[in-house]
Every structure is written in C-alpha cells, then in structure tokens.
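Fold and contact review
Here is what each chain is made of, one letter per residue.
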Amino acid sequence: MSLKAGIVGLPNVGKSTLFNAITKQNILAANYPFATIDPNVGVVNVPDKRMDVLNEMYLPERLILASYEFTDIAGLVKGASTGEGLGNKFLSHIREVDAIVEVVRCFDDANIIHVEGNCDPLRDVDIINLELTISDLEIVTNRLDKVYKKAMTTKDADSLIEVSALQKAKEALEHAIPLREVSFTDEEKQSLKSFQFLTMKPIIYLANIKEDELGLPDNKYVVSLKEYLEHDNTRVIKMCAKVESELSELSIEEKEEMLEMLGIETSGLDDLINATYEILGLKTYFTVGSDEVRAWTFKDGMNARECAGIIHTDFEKGFIKAEVISYQDLIACGNETKVKEAGKLRIEGKDYIMQDGDICHFRFNR
C-alpha cells in the first residue's frame, strides 16, 4: 500500500531538518522562509523488531521492511488560503497525503528567525489550522452551490446524501471545527472522499524542542500545547529535530549509546513513524522464506483476500486460501516445522480478518 504523510508547519520550525533525519537526504534547510519550494519526498522504513527476529530465523536473500512516504512541504504563512506565501500550491500538496504531521516550534532562539516574530505554539497552530479550514470551507461552499439545486429538484439519492454531508461540513467549518471531528454516516463519508478535505485528515503534532531539554519534563511551550490540543484527541510527540538528524547518521550501536546518553529510550523519529502508522489504523503481516522476508502494510479490518491483493491483484482474484501462522506461535515453537507439529498452522478462507503479526502463504488460481 502506498502511504503518505505530509510534514507541515510555519517557516523555520524544523520541518526540513526533520525531513533530513527521515530520509538521510541533504535537502536545503536554510534559516529563511520558503527555503523549501517544491515538496521533497522520501521513503522511510517502519521500525519493527520482529523483522530482525525473522531475518535471523530465515536468513533470506532480501529483507524488505514496511515503508512510509513522507513529504516535506514548504512553510505555510498566514493568508495561504488566499494566496499569501506559496498559497494554494502548498495546500494542494497536503491534499495528496493520508496524514498530516504538524511541526510546532517549542523553544526560544534569537538566532533562528520566526516568521511571526516570536515563539508562540498556540498561535502557530491556530494560523495553520485556520488556513486549512478556510481552504476546505471554500471547496464545500462552491460544491454546495452547484449540487444543492439539482438534489432538491431531482431528489436523486446520491445527490441528497452529498448535500447532507456538505451542509454538515459547512456548519462545522464555519465554527472552526475540523471535519475529522464531525460524525458523518458511512454514505456521507463516501460522498466526500474525492474532495480530500484537509481538516478530515488525521493529524499528529510534533513539538520541536532544544537538545538540552530531551529527557526532561515538558517545557512551558509543550505543556501549553498539550493542554490546548487535549480536546482534539490528537497526539503530541516531543522531539528535537536537530538531534534526530544527528542520530540518522549513526550506526545502530552508536544510536543506542547516544539515546542512553540523552536519557531517552527511543528516538522521536521512531515514535513519530509508529504514531503515524497507528492513527491511520495500519497493521503488518509478513511473508517469509529463504529468498525474501517482507513486511506488508494493511488497514485494520481487511480480510485475507484483500490482503493477498496487496501483493498482487492476481492473488486477490484467484484467492483459494491462506496458510497462516501467528508471529507469537512461531517464536514460541522455534520454527515452522514445530508450529505444524503443534497444530498451530491455520488454513483460513477469504473472509478471515487479518491480524497484526500474521505470517502468511497465499494459495491462488493462476
């Protein structure tokens, strides 16, 4: 599955530094607004210790981890929805992602320019969220003007559902309520899907702090940010983008030593990737063998046939059955042979709901 997250924020809050850490690419990270003009795209592996175990067990020729695509998007400024800064070019890039990672500067530094003059995380969050809201509201209003008369005249069921959804969305947006917090029916959600509304996308806030604050209690900016967003039911992850960039250049052993020295158990980048994976309701199943051990990403609730289709559409079309071993059973028994001897190998049909950690071999008609 092709999955994307967009890294957004005001200019000079640490987006490009974070992106460097994610992709280990040396993109432009300059101390002035709009250093990033075109969206930079990089693919990052999803950290999964189970893959290390499977690698040692099968010694495959290839080890392919699940991956996630991150897009670094130019800094947003007040008025972007009406064309300020890079305006709608910025907003169009966000529409193409599955989730938003909003970087918020949570430290003072006179040497780093802040486009609004000073550090104020709550103001910065409001600026970005307002621009996203205005952009969505414009689309809703324009579409409602076009479809309302037709729906009322023809009484077409699909048009009536769309009008209901758009009216619900318009009311929410006019009260600055993001669409992800609105209760739409399944039919209404489907009618709105093609619009790729910005405020409907899941969001994670990344509080960018100074290096000397890692491992310490939250500073005043992080505390206020968490309190401010508490009602939103969104995640706030604390990290130092500069440190993450340094960690990305180290070996596994060196990285562990540096984390210990900093007094933290996991890197903020790993926390971010896992949180992004989590908010989208994603899980992992595995295919294993001497040629390849691979992690595959699927959405929670998908059945065996749908998951087979992630590998190839022919697998889904000609699906016969899935031979399934849970990761925990494999580890407990020691190898596949012992799993079979213990009667833990399962034969599942097309409607089996795939579970995180399932190890699968699909049978299908060619």
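In this text the structure is predicted, and so the values were computed from the model without any measurement.

1. As for the overall build of the protein chain
- The helix and strand inventory of the protein chain stands at 14 helices and 12 strands.
- Evaluated residue by residue, the protein chain yields a buried proportion of 47% over its 366 residues.
- For the protein chain, the share of sequence-separated contacts (at least 6 apart) that also reach a separation of at least 24 residues comes to 69%.
- Accessible surface, the protein chain as shown: approximately 18300 Å² in total, 48% of it carbon and sulfur.

2. As for the packing of aromatic side chains
- Scanning the entire structure with this criterion turns up 8 aromatic pairs.
- On the basis of an interplanar angle of 85 degrees and a centroid distance of 5.9 Å, the ring pair of Tyr285 and Phe362 is categorised as edge-to-face. Of this pair, Tyr285 sits in strand E8 (residues 282-287) while Phe362 sits in strand E12 (residues 358-364), and the two are 77 residues apart along the sequence. Phe362 matches Tyr285 in its accessibility class, with the two residues each being buried.

3. As for the confidence of the model for the protein chain
- For the protein chain, per-residue confidence averages 87 on the pLDDT scale, and 90% of positions sit at 70 or higher.
- The low-confidence segment residues 25-37 (pLDDT under 50) makes 36 contacts with residues lying over four places distant or belonging to another chain.

4. Things to note about helix H10 (residues 268-279)
- Its 12 residues give H10 an end-to-end C-alpha distance of 16 Å, which sits within 8% of 16 Å, the value for a rise of 1.5 Å per residue.
- For H10, every residue scored as buried is listed here: Gly268, Leu269, Leu272, Ile273, Ala275, Thr276 and Tyr277.
- Taken from the residues just after H10, Gly281 is the one with a positive phi, measuring 65 degrees.

5. Brief notes about the sheet that holds strand E4 (residues 67-72)
- If you walk across this open sheet you meet the 6 strands as E2-E4-E1-E5-E6-E7, and the pairing is mixed. Unpaired on one side and paired on the other, strand E2 (40-45) and strand E7 (235-239) mark the two borders of the sheet. If you compare each strand with its neighbour and ignore which way they point, the axes differ by 25 degrees on average.
- Pairing analysis gives 6 bridges linking strand E5 (residues 99-105) to strand E6 (residues 203-208), with the strands arranged parallel.

6. So, the environment of Val222
- Relative to the helices and strands, Val222 resides in helix H7 (residues 220-229).
- Here Val222 falls in the buried class, since its relative accessible area comes to 0%.

7. Here we look at helix H1 (residues 15-23)
- Counted residue by residue, H1 has 8 buried out of 9 residues, so it is predominantly covered.
- Among the residues of H1, those classed as buried are Lys15, Ser16, Leu18, Phe19, Asn20, Ala21, Ile22 and Thr23.

8. Digging into the environment of Leu282
- If you trace the backbone, Leu282 turns up in strand E8.
- In this structure, the C-alpha to C-alpha distance between Leu282 and Asp300, residues 18 residues apart in sequence, is 5.7 Å.
- Ignoring anything within four residues of it in the chain, the contact list for Leu282 reads Leu3, Tyr68, Tyr277, Thr297, Phe298 and Lys299.

9. A few points about unusual backbone geometry
- Unlike most non-glycine residues, Leu59 shows phi in positive territory, near 45 degrees.
- By the secondary structure assignment, Leu59 is in the loop between helix H2 (49-58) and strand E3 (62-64).
- A positive phi angle is found at Gln196, which is not glycine, with a value near 50 degrees.
- Among the structural elements, Gln196 can be located in the loop between helix H6 (186-192) and E6.

10. Points about the packing of helix H4 (residues 121-154) against helix H5 (residues 157-174)
- It is the contact of H4 with H5, at a shortest axis distance of 9 Å, that shows an interaxial angle of 145 degrees. The chirality of how H4 crosses H5 is left-handed. On the side of H4, the interface is formed by Thr133, Asp136, Leu137, Val140, Thr141, Arg143, Leu144, Val147, Tyr148, Lys150, Ala151 and Met152, while H5 contributes Ser159, Leu160, Glu162, Val163, Leu166, Gln167, Ala169, Lys170, Leu173 and Glu174.
- Per-class residue counts for the contact of H4 with H5 are 12 nonpolar, 4 polar and 6 charged.

11. Here's the deal with the packing of H4 against H7
- Relative orientation of the contacting elements H4 and H7 amounts to 45 degrees, with a least axis distance of 9 Å. It follows that H4 is oblique to H7 by the angle criterion. In this structure, H4 uses Pro121, Leu122, Val125 and Asp126 to contact H7, whose residues at the interface are Tyr221, Ser224, Leu225, Tyr228 and Leu229.
- Its residues assigned to classes, the contact of H4 with H7 comprises 7 nonpolar, 1 polar and 1 charged.

12. Quick notes on a nonpolar patch on the surface
- Together, Val53, Met57 and Ile331 give the surface a local cluster of nonpolar side chains, amounting to about 190 Å² of exposed area.
- Tracing the backbone through its elements, the reader meets Val53 in helix H2.

13. A few points about the side chain of Glu348
- Within the element layout of this structure, Glu348 appears in strand E11 (residues 346-348).
- Relative accessible area serves as the criterion here: at 18%, Glu348 is assigned to the buried category.
- Separated by 2.9 Å, the side chains of Glu348 and Arg346 make a polar contact.
- Look past the residues within four positions of Glu348 in its chain and what remains in contact with it is Phe319, Lys321, Ala322 and Val324.

14. Thoughts on the nonpolar core
- In this structure, Leu18, Tyr68 and Phe70 are the most contacted members of the largest nonpolar core, which totals 69 residues.
- Apart from residues no more than four positions distant in its own chain, Leu18 is found in contact with Ile7, Val103, Leu206, Met239, Ala241 and Leu272.
- Ala308, Phe319, Tyr352 and Cys360 belong to the second largest nonpolar core, which has 17 residues in total.

Quick notes on the rules
Starting afresh in each chain, residues are numbered from 1 along the sequence in its written order. Whole-chain, interface and lining totals are the exception, using all residues; otherwise, since this is a predicted model, local features are given only for residues with pLDDT of at least 70 and side-chain atom pairs are given and counted only at 80 or more. The basis for every side-chain value is the complete set of heavy atoms in the structure, and neither hydrogens nor water enter the calculation. Strands here are runs of E lasting at least two residues and helices are runs of H or I lasting at least four, both read from the DSSP assignment and numbered beginning at the N terminus. For each residue, the accessible area found with a 1.4 Å probe, counting protein chains only, is set against the maximum for its type, and the residue is called buried under 20%, exposed over 50%, and partly exposed in between. The contact criterion used throughout is that any non-hydrogen atoms of two residues lie within 4.5 Å. For every accessible area listed, the method is Shrake-Rupley and the probe measures 1.4 Å; residues are considered covered only by the protein chains on display. Pairing of aromatic rings covers Phe, Tyr and Trp, the last through its six-membered ring, and needs centres within 6.5 Å; plane angles under 30 degrees mean stacked, over 60 mean edge-to-face, and all others mean tilted. Confidence of the predictor at the level of single residues is captured by pLDDT, which takes values from 0 to 100. Here a helix's expected span is defined as the number of its residues, less one, multiplied by 1.5 Å. Strand pairing requires that DSSP identify at least two bridges connecting the strands. Note on method: axes are straight lines fitted to C-alpha atoms, helices fitted across the in-contact stretch only, with angles between N-to-C directions ranging 0 to 180 degrees. In this scheme the crossing of two helices becomes right-handed for a clockwise turn of the near helix relative to the far one and left-handed for an anticlockwise turn of less than a right angle. In the scheme used here, Gly and all other residues not listed as nonpolar or charged are polar, with Ala, Val, Leu, Ile, Met, Phe, Trp, Tyr, Cys and Pro taken as nonpolar and Asp, Glu, Lys and Arg as charged. In this scheme, roughly parallel covers angles under 35 degrees and roughly antiparallel covers those over 145, while 65 to 115 is roughly perpendicular and the rest are oblique. A residue counts toward a patch only above 30% relative accessible area and without a salt bridge, and it is joined to like-charged neighbours within 9 Å or, for Val, Leu, Ile, Met, Phe, Trp and Tyr, to nonpolar neighbours within 5 Å. Just to be clear on terms, a salt bridge is a Lys or Arg side-chain nitrogen sitting within 4 Å of an Asp or Glu carboxyl oxygen. We define a polar contact as two N or O atoms separated by no more than 3.5 Å, with the added condition that, inside protein, one atom must be a possible hydrogen donor and the other a possible acceptor, whereas residues neighbouring each other in sequence contribute only through side-chain atom pairs. In this description, a nonpolar core means a group of buried Ala, Val, Leu, Ile, Met, Phe, Trp, Tyr and Cys residues linked to one another through side-chain atoms lying within 4.5 Å.

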